[in-house]
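What follows is the residue order along each chain.
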Amino acid sequence: MDRKRITRMGNKYLILAVLAIIIVACKKDKPEPTPVLQEEIAIVEKPKEVLEFGFNLNDYIVKRDTVRKGESFGEILERNKVGYPKIFHIAEKAKDTFDIIRSFQQGKPYTLLCSKDSLELPETFIYQPSKEEYVVINFKDSIHAFKSRKPIKYVEKTATGVITSNISETLEEQGLSPRLAYKMADEIYAWTIDFRRLQKGDRFKVIYTDKYIDDTIYTGVHNIKAAYFEHNNEPFYAFEFETDSTKGIIDYFNEEAKNLRRAFLKAPVKFKRISSRYNLKRRIAVYGYKVRPHKGTDFAAAIGTPIMATANGTVTESRRRGGNGKYVKIRHNATYETQYLHMSKRLVKVGDFVKQGDVIGLVGMTGNTGGPHVCYRFWKNGKQVDPFKQKLPEAKPISDSLKFKYLDFIKPIKYQLDNILFEPEIIEEQPDQTLIIQANS
């Protein structure tokens, strides 16, 4: 029994050994797996589109230039390998959209989109009469022309400043457009502040909109939404508001809905009577009926009658001289000045800032005059003119129906304006001082 069991066990181990040998042999004979080679795929990036005038400029040879003196549309195309028969055909087809002869101006930019091959033949002509507008004349396959405008973007911004010498320098120091000064001086505060007489320490805050073409071309200040100007320690608010959407009438009003663009008073005195009008051909018997121009308007009034400033401004003269007698002259802005002659008493001095309706003197008979009156003289750009023949801006009050709408409209804007902080004043640094505290023992 023992011998048989040993024999069986020996056979079993023998079989296992043989199987092991076979498995090892099979593994050796089995071919090694072939490694998979991964090909590197080259990724070619498509050039970024350069879009302008509705075209991808990468698809063309682009030639830019400006119209030279005396240069015509035909000469430009001929110089760029387009024959005259085709030029004539292009001009005829495009004339209903764009008058190539009359509308072509020296110095205006144009762009030629040419084929991207060795010939570089023009396929499209683009003319820019302004920064925003452009005319496209396409003649690649068929001829067609159209007008369009570049996309415009408006960006709201804020600015503050403290006057040290004049507003232009203040804006320049901050890298701001001088257009802001012009708009505030001539469009908003022309009738309330004389920007030629600003005081050191006057300050302003403004909310305005800058205009960009194609997101990158800056074209200047588009409009002023709201402004605050502190002049002679007096605040002047201004808010832009459309009073007539049909006609597109926009004006500026203060926080109480009063129009800032106040016109001049019709007369410097109340209960007036015109005794002599502006007349450049006036003849006077005393002077032998010779022509003696009268460059003022006389308002008859009793001696001592108050004479009022007809608009806000700064007194530039207050004196007595010759036939003018005692008089006062006021500059209102860069364009207008007024003068008041024959006063019995002057109540203002040079440099005084006066508001519309302020009393500046009293009616008298000083100088050459045949009776008590004030001779009112009106100056425009340094020349005496008839005030009644000038197209002065009217101070139309805001209608009652719009007043409540206006006051609601400006609430958030005024809040925004009031919360704009003025630029901090520069304070000279003082040397550090060490404070030594000695304790009592």
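Above this note sits the structure.
Rules behind the numbers
- Residues numbered from 1 in each chain as written.
- Predicted model: local features only at pLDDT ≥ 70, side-chain atom pairs only at ≥ 80, totals over all residues.
- Heavy atoms only, no water.
- Helix = DSSP H or I, 4+ residues; strand = E, 2+ residues; numbered from the N terminus.
- Buried < 20%, exposed > 50% of the residue type's maximum accessible area, 1.4 Å probe, protein only.
- Contact = heavy atoms within 4.5 Å.
- Areas by Shrake-Rupley, 256 points an atom, 1.4 Å probe, with all protein chains shown as cover.
- Pairing = 2+ DSSP bridges.
- Axes fitted to C-alpha atoms, helices over the stretch in contact; angles between N-to-C directions.
- Expected span 1.5 Å × (residues − 1).
- Bend = angle between axes of the 7 residues up to and from the residue.

Draft legend 1. Up close: the overall build of the protein chain. When helices and strands are tallied, the protein chain shows six helices and 24 strands. Residue burial in the protein chain is summarised as follows: out of 441 residues, 38% are buried. Residue pairs at least 24 apart in sequence account for 60% of intrachain contacts in the protein chain once pairs closer than 6 positions are excluded. Carbon and sulfur atoms provide 52% of the accessible area of the protein chain, an area that totals close to 28600 Å².

Draft legend 2. Examining the sheet that holds strand E9 (residues 203-213) more closely. Reading across from one edge, E8-E9-E10-E11-E12 is the order of the five strands in this open sheet, with antiparallel pairing throughout. Edge strands, defined here as strands with exactly one partner in the open sheet, are strand E8 (152-162) and strand E12 (249-253). Across the sheet, the axes of successive neighbouring strands diverge by a mean angle of 25°, strand direction being ignored. Of the strand pairs in this sheet, strand E10 (residues 217-231) and strand E11 (residues 234-244) are connected by six bridges, and their pairing is antiparallel. Across the sheet, the residue bridging to His231 is Glu234, located in E11. Against the sheet, helix H5 (residues 179-188) engages E9, E10, E11 and E12, with an angle of about 55° to E10. Contacts from helix H6 (residues 400-418) reach E8, E9, E10, E11 and E12 within the one sheet, and its direction differs from that of E11 by about 130°.

Draft legend 3. Highlighting the side chain of Asn333. Within the secondary structure layout, Asn333 lies in the loop between strand E19 (325-331) and strand E20 (336-346). Residues in contact with Asn333, not counting those within four places in the same chain, are Ala190, Trp191 and Asp194.

Draft legend 4. Examining H6 more closely. Under the 1.5 Å per step criterion, the end-to-end length of H6 is 26 Å for 19 residues, consistent within 8% with the ideal 27 Å. Of all bends in H6, the biggest is about 35°, found at Lys411, and the proline Pro412 comes one to four residues later. Of all the positions in H6, only Leu402, Tyr406, Ile410, Ile413 and Leu417 are classed as buried. Buried-residue contacts for H6 involve E9, E10, E11 and E12.

Draft legend 5. How the structure looks around the sheet that holds strand E3 (residues 61-66). Taken in spatial order, the five strands make up an open sheet running E3-E4-E5-E6-E7, and their pairing is antiparallel. With partners counted over all chains shown, the strands left at the sheet margins are E3 and strand E7 (144-149), one partner each. Each strand of the sheet is rotated relative to its neighbour by a mean of 20°, with strand direction disregarded.

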